[in-house]
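Analysis of the macromolecular model
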Amino acid sequence: RRQQTGSSEAEEELQLYKKLLKCNSCHVREKNAVLSKCMHVFCRQCLDERVETRQRKCPNCGEAFSATDIRNIYL
């Protein structure tokens, strides 16, 4: 019985970590880019779409950014 509790806790922790790796904007793709000014992490596709459509504000905090502010990071 104790093993099941440990397994359940491990599964919950795994789901939490998976959620942290998802893009905060689309909630589908894994994160792979960062806004250097505010340091929020999103997938490259979401940020590229925002730059192209001139919606250059962070989806999390609303801070303005430009295409040159986007930096690749490696998680």
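Residues numbered from 1 in each chain as written. Predicted model: local features only at pLDDT ≥ 70, side-chain atom pairs only at ≥ 80, totals over all residues. Heavy atoms only, no water.

**Here's the deal with a nonpolar patch on the surface**
The test is simple: Two distance rules govern patches: like charges are joined within 9 Å, and nonpolar side chains (Val, Leu, Ile, Met, Phe, Trp, Tyr) within 5 Å, applied only to residues with over 30% relative accessible area and no salt bridge. In short, Shrake-Rupley with a 1.4 Å probe defines the accessible areas, and a residue's cover is counted only from the protein chains shown. The term salt bridge refers to a pairing of a side-chain nitrogen on Lys or Arg with a carboxyl oxygen on Asp or Glu at a separation within 4 Å. Under the scheme used here, helices are H or I runs from DSSP no shorter than 4 residues and strands are E runs no shorter than 2 residues, and both carry numbers assigned from the N terminus.
A cluster of nonpolar side chains, Leu16, Tyr17 and Leu20, forms an exposed patch at the surface whose accessible area comes to about 320 Å². Tracing the backbone shows Leu20 in helix H1 (residues 2-20).

**A short note on the environment of Lys19**
Put simply, the rule is: Relative accessibility decides the category of a residue: with a 1.4 Å probe and only protein chains considered, values under 20% of the type maximum give buried, values over 50% give exposed, and everything between is partly exposed.
With respect to the element layout, Lys19 can be found in helix H1. In this structure Lys19 comes out as exposed when scored by relative accessible area, which is 64%.

**A closer look at helix H2 (residues 44-52)**
Given 3.6 residues to a turn, an α-helix orients residues that are three or four positions apart in the same direction. Put simply, the rule is: This arc is taken over the directions from the axis of the helix to the C-beta atoms. Whether two residues are in contact is decided by their heavy atoms: any pair within 4.5 Å suffices.
Along H2, the residues that are buried comprise Cys46, Leu47, Arg50 and Val51. Down the axis of H2, the buried side of the element spans an arc of 135°, and every buried residue falls inside it. Taken together, the buried residues of H2 touch strand S1 (33-35), strand S2 (41-42) and strand S3 (70-71). Residue Arg54 follows H2 closely and has a positive phi angle near 60°.

In short, geometric facts, not functional conclusions.
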